[in-house]
Amino acid sequence: MTEDETGATTSPTLAMSDVVKRFGSGATEVRALTDVSLTVEAGEFVAVMGPSGSGKSTLLHVAGGLERPEAGRVQVQGIDLADLDAAGLATMRRRDVGYVFQRLNLVPTLTAVENVALPLELDGMGHRRARREAMEALGRVAVDGPLDRYPDDLSGGQQQRVAIARAIVGDRRLLLADEPTGALDSVTADAVIELLATLVQERHCALVLVTHEPRFASWADRIVRVRDGRLTEETRPSGIGDEIEAATR
């Protein structure tokens, strides 16, 4: 619990306690997460780093209610996700959580602007207002050219930026980004990370970013490292200066 500007007590935007997530069973069982506890406050940017297969993406899926854990507790905005049925989870994700997936998950039969407007319209917003807000979000991530093109008519980098616009549209309080710069050139990638960091401050929302790039993690308030499904350590961005220097040699 923290206090807001009025002195009132508020819940963390994200609170994960002793979370366990398994896939498979018996001899094929894999523990993707083991006793993971992570708290992210409003206005905080947390970067998650670790080797491939360490559980970083699973952590995001569980944090946003896309996967249910076998044990432990996950709360978003003070709401225990275990108390929500499938419809309640869908509503929570649509209103409160913005995702940027590795595979983007754009709807191929919808245009760029329709993909971004979709969660707003599903939540009852009128078509014109939803389209206006979608276009504003697309402008913020510098999607150029006609916005009424379908994903297959866009480059990989443009598709990535459409996915980011969809994640930030509306008033999402928790942003979850899984390697959001994978298809972008270095200049655009830096601009996207700067945008996400700016949104955290402007909206006082929370951001959890999975990345393997030390220079992107350096934007974060703190860095969480994952190995074999466990949180192994937390560092401050100043602690990865040597990694950034080595990566740019």
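Before any of the text, the structure's been laid out above.
Residues numbered from 1 in each chain as written. Predicted model: local features only at pLDDT ≥ 70, side-chain atom pairs only at ≥ 80, totals over all residues. Heavy atoms only, no water.

Looking only at helices and strands, the protein has eight helices and twelve strands in total. For the protein, the C-alpha radius of gyration of 18 Å lies close to 18 Å, the compact-globule estimate for 249 residues. Referenced to the eigenvectors of the C-alpha coordinate spread, the extents of the protein come out at roughly 50 × 50 × 45 Å. Taking all 249 residues of the protein together, the buried fraction comes to 46%. Across the protein, every contact between residues at least 6 apart in sequence was considered, and the portion connecting residues at least 24 apart equals 66%. Distance between charge centroids for the protein: 3 Å, based on 28 positive and 38 negative side chains. (Helix = DSSP H or I, 4+ residues; strand = E, 2+ residues; numbered from the N terminus. Rg over C-alpha atoms; globule rule 2.2 N^0.38 Å. Buried < 20%, exposed > 50% of the residue type's maximum accessible area, 1.4 Å probe, protein only. Contact = heavy atoms within 4.5 Å. Lys, Arg positive; Asp, Glu negative; His and termini not counted. Charge placed at Lys NZ, Arg CZ, Asp CG, Glu CD.)

Take the sheet that holds strand E8 (residues 97-100) next. In space, the six strands of this open sheet follow the order E8-E9-E10-E5-E11-E12, with mixed pairing throughout. The strands lining the two open edges of the sheet, one partner per strand, are E8 and strand E12 (230-235). Pairs of neighbouring strands in the sheet enclose a mean axial angle of 20°, with direction left out of account. Summarising the sheet, strand E9 (residues 174-178) and strand E10 (residues 206-210) pair through five bridges and their orientation is parallel. Its bridge partner lying in E10, Leu 174 is registered against Ala 206. Packing of helix H1 (residues 56-63) onto the sheet brings it into contact with strand E5 (45-49), E8, E9, E10, strand E11 (222-227) and E12, and relative to E9 it is tilted by some 155°. Contacts from helix H2 (residues 86-96) reach E8 and E9, with the element oriented near 80° to E8. (Pairing = 2+ DSSP bridges. Axes fitted to C-alpha atoms, helices over the stretch in contact; angles between N-to-C directions.)

The next thing to look at is the packing of helix H3 (residues 112-122) against helix H4 (residues 127-140). Two quantities define a packed helix pair, namely the angle between the helix axes and the distance between the axes. Running from N to C, H3 and H4 point in directions that differ by 125°, and their axes come no closer than 8 Å. Classified by the angle their axes make, H3 and H4 are oblique. Read as a crossing pair, H3 and H4 show a hand that is right-handed. Taking contact as the criterion, the partners of Ala 112, Val 113, Val 116, Ala 117, Leu 120 and Glu 121 in H3 are, on H4, His 127, Ala 130, Arg 131, Glu 133, Ala 134, Met 135, Ala 137 and Leu 138. Each residue belonging to the contact of H3 with H4 can be placed in one class, and the counts come to ten nonpolar, one polar and three charged. (Parallel < 35°, antiparallel > 145°, perpendicular 65-115°, else oblique. Left-handed = near helix turned anticlockwise from the far one by under 90°. Nonpolar A, V, L, I, M, F, W, Y, C, P; charged D, E, K, R; others polar.)

Bringing the sheet that holds strand E3 (residues 14-23) into the picture now. Backbone-to-backbone hydrogen bonds pair the strands of a sheet. The strands run either parallel or antiparallel. Within the open sheet, the four strands sit side by side as E4-E3-E6-E7. Their pairing is antiparallel. Two strands close off the open sheet at either side, each with one partner strand: strand E4 (30-40) and strand E7 (79-80). Across five bridges, the pairing between E3 and strand E6 (residues 71-76) is antiparallel. Bridge pairing in E6 places Val 20 opposite Ala 71. Strands E3, E4 and E6 of the sheet are contacted by H1, whose axis makes an angle of about 120° with E3.

Looking now at the pattern of salt bridges. Inspection of the entire model under this criterion finds 15 salt bridges. With its nearest N and O atoms 2.5 Å apart, the salt bridge here joins Glu 44 to Arg 222. Taken together, the residues Glu 44 in the loop between E4 and E5 and Arg 222 in strand E11 connect sequence positions 178 residues apart. Across the pair, Arg 222 and Glu 44 agree in class, each one buried. Linking Arg 129 and Glu 133 is a salt bridge whose minimum nitrogen-to-oxygen distance equals 3.1 Å. Of the two residues, Arg 129 and Glu 133 both sit in helix H4, four residues apart, roughly one turn of that helix. Among the charged side chains, a salt-bridge network with shared partners connects Lys 21, Glu 67 and Glu 70. (Salt bridge = Lys/Arg side-chain N within 4 Å of Asp/Glu carboxyl O.)

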